Amino acid sequence: MATPLKRTPLFDAHVKAGARMVPFGGWEMPVQYRGIIEEHRNVRSAVGLFDVSHMGEFEVEGPGALSALQTLTTNDVAGLDVGQVQYSVLCYPDGGIVDDLTVYRLAERKYLITVNASNIDKDFAWVTERCAERKLDARWTNVSARTGLIAVQGPRAEALVGRLADRDVTRIGYYRFADGQVAGVSVMISRTGYTGEDGFELYAPWEATERVWLALLDAGAADGVAPIGLGARDTLRLEMRYALYGNDIDETTNPLEAGLGWVVKPAKGEFIGREAIEAMRAAGIPRRLVGIEMTERAVARHGYPVLAAGRRVGTVTSGSYGPSVDRYIAMAYLESAHAAVGSAVDVEIRGQGKPARVVKTPFHPPHVKKSA
Amino acid sequence: MSDIPADLRYTREHEWAKREGDRVRVGITAYAQEQLGDVVFVELPKKGSKVSAHQTFGVVESVKAVSDLFAPVSGEVTDVNGDLAQSPQIVNQDPYGRGWMLLVTPSSAGEFDQLLTAQQYQQFLAEGGH
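Cut-offs used in this document
Residues numbered from 1 in each chain as written. Chains lettered and ligands numbered in written order. Predicted model: local features only at pLDDT ≥ 70, side-chain atom pairs only at ≥ 80, totals over all residues. Helix = DSSP H or I, 4+ residues; strand = E, 2+ residues; numbered from the N terminus. Rg over C-alpha atoms; globule rule 2.2 N^0.38 Å. Buried ≥ 20, exposed ≤ 12 C-beta atoms within 10 Å, placed from the backbone. Contact = placed C-beta atoms within 7 Å. Pairing = 2+ DSSP bridges. Nonpolar A, V, L, I, M, F, W, Y, C, P; charged D, E, K, R; others polar. Axes fitted to C-alpha atoms, helices over the stretch in contact; angles between N-to-C directions. Domains from an automatic or database assignment. Core = buried A, V, L, I, M, F, W, Y, C linked by C-beta atoms within 7 Å. pLDDT = per-residue confidence, 0-100. Parallel < 35°, antiparallel > 145°, perpendicular 65-115°, else oblique. Left-handed = near helix turned anticlockwise from the far one by under 90°.

**Side note on the overall build of chain A**
The secondary structure content of chain A amounts to eight helices and 19 strands. A globule of 372 residues ought to have a C-alpha radius of gyration of about 21 Å, and chain A, at 21 Å, matches this closely. Principal-axis analysis of the C-alpha atoms gives chain A an extent of 60 × 50 × 50 Å. Out of the 372 residues belonging to chain A, those deemed buried represent 49%.

Printed below as a string of structure tokens:
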């Protein structure tokens, strides 16, 4: 018998709004409200609200907090300002990925990391055990159960959040955050997201999350705001070629293969996985996660084989119809010899090879706000 | 409750069948398209091919799911809805009309009468639909 599914503070609001609820990473989450394609377009053209309260948050503080993050994550945390956010990964010694995450510097010696919902227990055990082994003076607290999270994404997001905030949110730059009040609730306002659109992620106290959600829906009516399910969250991130843990990256994939070399900073010093990653960099990266586009109508899905001249050269990790690009797109690991843009391959769908080619990514141009 | 036209017959796999002279028109029900969500791909057999009752004749894919299509009756496919290749969303918009999938000339007269009536299909859905 499976363990009962957990519910976010917005569960009742989703049910009331007519969402279709599905199990996801141990949680009962809305997959769609009105339809995935309509919701996807709502985010690209106006603004959408996502309940991502299922995601995990850990605080780490103390004299050893920076050392802990430098040892555990691949990116260089030393240069991170208070108020700045960084995307990164946690690796095993063999270079496989424990999880991907964002790192927030809250104060001089205090950080917050945000991890994937399905990895919360695994990650917390990983970070605390590795710190204990190394006798690092860093205190970890799992604050997931008291932290709600709402993503507000789309070209109207800044206007909407700005209307309810007690501070000028236009001054918060991309991958920066600030404390403030939204709808009278103290939240952390982070200019981040997973859609390729401008927008914010609002970290709120669990019990006040619904108040923020309902206020955003109410205040955003004229902006065309709508609640958006996990279905559209997936197609939006796929069009950006953002990796999803469990689909595109996991303990068997290396950050270099996944195209995440930009968050691997060996120059910062020792970190878990560094030797394995550097050995792969020196020896050559055997396969690469690339974007492919089907040249005829067909949906490539996770696990489908990819062939070149009849020989298997890779595997699809994510795939769908991309509503904004109006094409059938996918991500796949391909042997490096077949990974160049323009390379022709076939995706095996129900025993039949369907033609595809490697294309430049992102599939859809991002509209994140780069300066402030 | 989903729309279940009284003049059609149904399968437990959520296809509908409509007798039109000596042929049978086939599609998926309103309930099926609601459960699938946005349809983005439909794969149908070629005109002239044979289908068998209770066997798969094609595939319908939504953003999230892949589902087999099951033939309500056995026979020869005399026409397919070519519009669905370019505009699969018609299945969502008009499942009993422009979203039809096949016209079949049945090879066995009795199979159609074995299909669920609208009332039986409604009952089947009320019991959970699977």
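Additional details are given in the paragraphs that follow.
**Considering the overall build of chain B**
Tallying secondary structure elements over chain B gives five helices and nine strands in all. The linear arrangement of helices and strands in chain B, starting from the amino end, is β-β-β-α-β-β-β-β-β-α-α-β-α-α. Computed over its C-alpha atoms, the radius of gyration of chain B comes to 13 Å, within 12% of the 14 Å expected for a compact globule of 130 residues. Each principal axis of the C-alpha atoms in chain B carries an extent, and together these give about 35 × 35 × 20 Å. For chain B, the proportion of its 130 residues judged to be buried stands at 42%. Within chain B, contacts between residues separated by at least 24 positions form 64% of all contacts whose residues are at least 6 apart in sequence.

**Details of the sheet that holds strand β9 (residues 102–106) of chain B**
Residues and elements named next belong to chain B. Overall, antiparallel pairing links the six strands, which are arranged β1-β2-β3-β9-β8-β5 in an open sheet. Edge strands, defined here as strands with exactly one partner in the open sheet, are β1 (9–10) and β5 (50–51). For strand β2 (residues 15–20) and strand β3 (residues 23–28), the ladder comprises six bridges, and the chain directions are antiparallel. Counted as the bridge partner of W16 is G27 from β3.

**Overview of the interface of chain A and chain B**
Contacts between the two partners involve 12 residues from chain A, matched on the other side by eight residues from chain B. For the side of chain A that touches chain B, the secondary-structure elements that each account for two or more residues are β2 (27–32), α2 (36–45), α7 (230–239) and β16 (311–322) of chain A. In terms of residue class, the side of chain A that touches chain B is made up of six nonpolar, five polar and one charged.

**Here we look at the sheet that holds strand β18 (residues 344–349) of chain A**
All names here are of chain A. If you trace the six strands once around the closed barrel, you get β14-β17-β16-β15-β18-β19, paired in antiparallel fashion. Ignoring which end each strand starts from, the neighbouring axes of this sheet average 45° apart. Strand direction decides the pairing type here: strand β14 (residues 287–294) and strand β19 (residues 352–359), joined by four bridges, are antiparallel. The partner of I292 across the bridge, within β19, is V358. Against the sheet, α7 engages β16 and β17 (327–335), with an angle of about 125° to β16.

**Some thoughts on the domain arrangement of chain A**
All names here are of chain A. Taken domain by domain, chain A comprises domain 1 (11–52 + 146–239) and domain 2 (286–359). Measuring from the centre of the C-alpha atoms in domain 1 to the corresponding centre in domain 2 gives 31 Å. Taken together, the seven residues of domain 1 in the interface contact seven residues of domain 2. The biggest single contributor to the side of domain 1 that touches domain 2 is α2, with four residues.

**So, the nonpolar core**
Residues and elements named next belong to chain A. Counting residues in hydrophobic clusters, the biggest one holds 135 residues, and the most contacted among them are I150, V152, I189, L202 and A300. Considering each element in turn, this core owes the most residues, seven residues, to β17. Viewed by domain, this core spans two of them, domain 1 (11–52 + 146–239) and domain 2 (286–359), each represented by three or more residues. Excluding anything up to four places from it in sequence, A300 contacts M294, V316, G319, Y328, A330, V347, I349 and A356.

**Looking at helix α3 (residues 65–72) of chain A**
The buried fraction of α3(A) amounts to six of the eight residues, a majority that puts the element mostly inside the structure. Residues of α3(A) that are buried make contact with β4 (56–61), β5 (85–91), β6 (97–107), β7 (110–115) and α4 (120–133) of chain A.

**Describing the confidence of the model for chain B**
The pLDDT averaged across chain B works out to 96; a share of 99% of its residues lies at or above 70. At the level of chain-chain contacts, confidence expressed as ipTM amounts to 0.89, with global pTM at 0.95.

**Considerations on the packing of α2(A) against α7(A)**
Residue and element names in this part refer to chain A. Here α2 crosses α7 at 60°, and the two axes come no closer than 8 Å. Put simply, α2 runs oblique to α7. For α2 against α7, the interelement crossing comes out right-handed. For the pair α2 and α7, contact is made by I36, E39, H40 and V43 and by G231, A232, T235 and L236, respectively. Looking at side-chain class alone, the contact of α2 with α7 contains four nonpolar, three polar and one charged residues.

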